[in-house]
Amino acid sequence: MKKKPNPRIKRLFIFLLIVASPIAIMAQVITTNANVAFNRPGAASSIQTDKIIKNAFDGNAATRYSSLYSDSEWVSVDLGQPFLVSQVVLIWERAYGKDFDILFSRDGSFTDLNKDSVQIRNNVLGSDSIAGTNSIKMKSNTIARYVRMQGVQRATVFGYSLYEFQVAGSVSSSALLPATLTGFTASGQSSGTLLEWTTTTENNTAGFSVERSNDGTSFSAIGWVDGINNGSVVSHYSYIDKQVLIGRNYYRLKVFDLSGKAGSTPAVAISTADNNSLKIYPIPVKDHLSIEYKGTAGTNMSVFLTSTSGHTVYTNSFTARGSQQTIVINRTSDMVAGIYFITIGSTGKKQYTEQIILE
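A few points on the structure. Only a predicted model underlies this, so the values are computations on that prediction, with no experimental measurement involved. (Residues numbered from 1 in each chain as written. Predicted model: local features only at pLDDT ≥ 70, side-chain atom pairs only at ≥ 80, totals over all residues. Heavy atoms only, no water.)

1. Quick look at the sheet that holds strand β15 (residues 235-241)
Stated formally: The pairing criterion is simple: DSSP has to find at least two bridges between the two strands. Only DSSP runs of H or I with at least four residues qualify as helices, and only runs of E with at least two residues qualify as strands; both kinds are numbered from the N terminus onward. A fitted line through C-alpha atoms serves as each axis, taken over the contacting stretch for helices, and the angle formed by two N-to-C directions is quoted from 0 to 180°.
Strand order in the open sheet made by the three strands is β11-β12-β15, with antiparallel pairing throughout. Strands at the two margins of the open sheet, each flanked by one partner only, are β11 (179-189) and β15. For this sheet the average axis-to-axis angle between neighbouring strands, irrespective of direction, equals 20°. Across ten bridges, the pairing between β11 and strand β12 (residues 192-202) is antiparallel. Residue pairing across strands places Thr180 opposite Thr201, the latter belonging to β12.

2. Remarks on the packing of aromatic side chains
Defined as follows: Note on ring pairs: Phe, Tyr and Trp rings are taken, using the six-membered ring of Trp, and paired if centres are within 6.5 Å. Classes follow the plane angle, with under 30 degrees stacked, over 60 edge-to-face and the rest tilted. Remark: exposure states derive from per-residue accessible area (1.4 Å probe, protein chains only) relative to the maximum for the residue type, with buried under 20%, exposed over 50%, and partly exposed in between. The criterion for a charge sitting over a ring is simple: Lys NZ or Arg CZ within 6 Å of the ring centre, and within 35 degrees of the ring normal.
Going through the model one piece at a time under the given rule, you end up with ten aromatic pairs. Centroid distance Tyr69 to Phe158: 5.5 Å. Interplanar angle 80°. Geometry classified as edge-to-face. Here Tyr69 is found in the loop between β4 (65-66) and β5 (74-93), whereas its partner Phe158 is found in the loop between β9 (143-154) and β10 (161-170), with 89 residues between them in sequence. Accessibility expressed as a relative area gives 45% for Tyr69, which makes it partly exposed. An aromatic cluster is defined as three or more aromatic residues linked by ring pairs; in this entry it consists of Phe184, Trp197, Phe208 and Tyr237. Positioned above the aromatic ring of Trp74, the side-chain terminus of Arg148 is 3.9 Å from the ring centre. Above the ring of Phe110, the side-chain terminus of Arg148 is found at 4.2 Å from the ring centroid.

3. Re unusual backbone geometry
Look at Phe110: it is not a glycine, yet its phi comes out positive at around 60°. Assignment of secondary structure puts Phe110 in the loop between β6 (97-105) and β7 (118-120). Classification of Phe110 by relative accessible area gives buried; the value is 8%. Despite not being glycine, Asn122 shows a phi value in the positive range, around 55°. When you line up the elements, Asn122 lands in the loop between β7 and β8 (130-137).

Printed below as a string of structure tokens:
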């Protein structure tokens, strides 16, 4: 059964779809030349025993990452969103890189920003436990979400060993960005959510970071689309989100120019097809709450009922049968009158959260 849409969200969604006036994209200050790789997730071609990847990004000079004993090893970091990258700092153990490249990417492929790569050759450091530090300046206007140290030749018979891999990045502030949008829409497709937008003017636009949220407040980058930069010529863009969340999804664009300035569009909201197979009633709740759910057979699901203070008053697990099934939550003494959040999540990252009222 279809869940009755929130009329306020529906009105907002319709407004954003049909608005004809250009969207003025306001910039937001995020960071200024901070180490944006700190505690970010990393990846590597290989790992030596306990010298794990996260050691290179933990800010601790006493821990280190090390690869296996091969020249073509690499280690990279996901910064979580695009940044204007000004410098990469590598603090090496005695097993350092003689020849290596610093590669950048906006989509994780490391083939999209070859022009911005930096090559280090005939690197000479010491032989102590901390061999030395490479502070590597980037080319101007290097905007990337992913940064990789790609080994070419080792300085020793050992692998590549790093105490710290730091990335200095920033997003600058600005009043208005040089891109004018006349529309930003979201529509359901068999392959996911199709996002489309149009620009009427672009000058020095690096591209668009596509961001998603399940609450309309906390957004995460899920993709990147390069800017066409056709000046005053109309340009059309699209992006498909193939890993939509259960329930309502919010999307927005963060637009970057070539100097690293960034600003966000208003968000658009859309409910996924999975939301049509879930119904929660009655609202408001008196003595019990019923949840009707139809999910993929064999999927392990969890249900949580949480108060606005963060106290969980109910939790349960079940396995989806592939057909409609009903979960009944009987009210207990812990469920005092007030506002609560009912959350249904799978063993993957999909989840659905709805606000309910207990009388």
